[in-house]
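One-letter residues, chain by chain:
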Amino acid sequence: MSLSADIEQPDDPGARGPSKRAVEIVVSLILIGLAAAVLYDSYGRGAGWNGGPESGFFPARVGWIFLAGSLFLLVQAFREPPAIFATWSQLLMVAKVFGPLALFVVLVEPLGIYAAAAIFTAVFMPIVGGARWYTVIATSVLVPLVCFVVFEIEFLVPLPKGPLEAMFGY
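Residues numbered from 1 in each chain as written. Predicted model: local features only at pLDDT ≥ 70, side-chain atom pairs only at ≥ 80, totals over all residues. Heavy atoms only, no water.

Peer 1: Where do I start with the packing of helix 4 (residues 113-129) against helix 5 (residues 133-154) in this structure?
Peer 2: Following both chains from N to C, one finds helix 4 and helix 5 inclined at 150 degrees, their axes separated by 9 Å at the closest point. By the criterion of interaxial angle, the relationship of helix 4 to helix 5 is roughly antiparallel. As helix 4 runs across helix 5, the sense of the crossing is right-handed. In contact with Tyr114, Ala117, Ala118, Thr121, Ala122, Met125 and Pro126 of helix 4, helix 5 contributes Thr135, Val136, Thr139, Ser140, Pro144, Cys147, Phe148, Phe151 and Glu152. Among the residues making up the contact of helix 4 with helix 5, the classes are represented as 11 nonpolar, four polar and one charged. (Axes fitted to C-alpha atoms, helices over the stretch in contact; angles between N-to-C directions. Helix = DSSP H or I, 4+ residues; strand = E, 2+ residues; numbered from the N terminus. Parallel < 35°, antiparallel > 145°, perpendicular 65-115°, else oblique. Left-handed = near helix turned anticlockwise from the far one by under 90°. Contact = heavy atoms within 4.5 Å. Nonpolar A, V, L, I, M, F, W, Y, C, P; charged D, E, K, R; others polar.)

Here is the structure:
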């Protein structure tokens with residue numbers, strides 16, 4: 001996958017952005033915290049072998065492996081040579097994708113998956129793809145409608161619904 005020529009590459013001498021070391025340290029610390037939470041919960045449930053494995057036995061073993069891997073990543077992060085993780089313009093591209101996606105996730109509960117998908121498509125297409133308005137409207141209406149017919153009517157798969165579907169009796 002190639003990036004467009006107007007975006008700085010991390011190995012460019014003038015590229016600016018967060019360091020790879022800092023990003024890896026933060027991610028490692030988050031993973032260590034998750035491993036600690038798994039271990040805490042596992043031992044709270046009982047992680048021993050009392051006539052057979054207790055309910056926290058296997059999760060505790062997975063937690064220890066997870067912790068060991070996370071500590072290894074942390075040590076490796078300190079051994080990394082200085083480098084740029086991603087340029088600010090590359091991170092802006094990620095944010096352009098993440099923003100509409102976060103909006104979609106928030107809207108699924110109150111509006112249902114189909115209305116949220118229509119809003120997501122209507123926001124996402126112009127921001128990321130630069131699509132024409134009539135393409136955005138057609139796609140925002142037709143894709144959720146086709147998905148509704150396929151999942152709700154044909155396959156009878158219940159997906160989260162909101163007030164719009166309730167208005168039509170679903």
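Peer 1: Whenever I open this one, the environment of Phe58 confuses me. Can you help?
Peer 2: Looking at the element boundaries, Phe58 is found in helix 2 (residues 57-79). Looking at Phe58, the relative accessible area reads 54%, which means it is exposed. Sequence separation of Phe58 and Gly48 is 10 residues, and the distance between their C-alpha atoms is 9.4 Å. (Buried < 20%, exposed > 50% of the residue type's maximum accessible area, 1.4 Å probe, protein only.)

Peer 1: In this structure, what is going on with a nonpolar patch on the surface? I would like to understand it.
Peer 2: Where nonpolar side chains cluster on the molecular surface, the patch consists of Trp133, Tyr134, Ile137, Val141, Leu142, Leu145, Val149, Ile153, Leu164, Met167, Phe168 and Tyr170 and spans about 1,300 Å² of accessible area. Ranked by residue count, the leading element in the nonpolar patch is helix 5, at eight residues. Of note, Phe168 is situated in the segment after helix 6 (163-167). (Patch = residues over 30% accessible without salt bridge, like charges linked within 9 Å, V, L, I, M, F, W, Y side chains within 5 Å. Areas by Shrake-Rupley, 256 points an atom, 1.4 Å probe, with all protein chains shown as cover. Salt bridge = Lys/Arg side-chain N within 4 Å of Asp/Glu carboxyl O.)

Peer 1: Even after reading the chapter, I still don't get the UniProt feature "transmembrane region" (unreviewed entry) in the protein chain, so can you show me in this structure?
Peer 2: With numbering aligned to this structure, UniProt lists the feature "transmembrane region" (unreviewed entry) at residues 21-40, 60-78, 98-127 and 133-157. Counting secondary structure, residues 21-40 comes out at 100% helix and 0% strand; the distance between its end C-alpha atoms is 28 Å. (UniProt positions renumbered as here; feature names shortened; annotations may be inferred.)

Peer 1: So what exactly am I meant to see when it comes to the UniProt feature "domain: DUF1468" (unreviewed entry) in the protein chain here?
Peer 2: Following the UniProt record, one finds the feature "domain: DUF1468" (unreviewed entry) at residues 26-160. The span residues 26-160 is 79% helical and 0% strand by assignment, and the distance between its end C-alpha atoms comes to 35 Å.

Peer 1: I keep staring at helix 1 (residues 20-45) and nothing clicks. Help me out?
Peer 2: Think of an α-helix as 3.6 residues a turn; residues three or four steps apart then line up on the same face. Given a rise of 1.5 Å per residue, 26 residues ought to cover 38 Å, and the 38 Å separating the end C-alpha atoms of helix 1 matches this to within 8%. Listing the buried residues of helix 1 in full gives Ile25, Ser28, Ile32, Ala35, Leu39 and Ser42. At its buried positions, helix 1 is contacted by helix 2. Positive backbone phi, at 105 degrees, marks Gly46, one or two positions downstream of helix 1. (Expected span 1.5 Å × (residues − 1).)

Peer 1: Any chance you could explain the pattern of salt bridges here in plain terms?
Peer 2: Opposite charge on two side chains permits pairing when their charged atoms draw close. A full pass over the atoms with the stated rule returns three salt bridges. Two residues, Lys161 and Glu152, come together in a salt bridge whose shortest N-O distance is 3.1 Å. Looking at Lys161, the relative accessible area reads 30%, which means it is partly exposed.

Peer 1: Would you take a moment to explain the environment of Ala131 for this structure?
Peer 2: Inspection of the secondary structure puts Ala131 in the loop between helix 4 and helix 5. Judged by relative accessible area, Ala131 falls into the partly exposed class, the value being 27%. Considered as a pair, Ala131 and Leu145 are 14 residues apart in the sequence and their alpha carbons are 20 Å apart. When neighbours within four sequence positions are excluded, Ala131 is seen to be in contact with Met125, Pro126 and Val136.

Peer 1: Whenever I open this one, the packing of helix 1 against helix 2 confuses me. Can you help?
Peer 2: Each pair of packed helices can be described by the angle between their axes along with the distance between the axes. At their nearest, the axes of helix 1 and helix 2 sit 8 Å apart, and the two run at 160 degrees to each other. Classed by the angle they form, the pair helix 1 and helix 2 counts as roughly antiparallel. Our pair here, helix 1 against helix 2, has a crossing hand that is left-handed. Broken down by class, the residue content of the contact of helix 1 with helix 2 amounts to 19 nonpolar, four polar and three charged.

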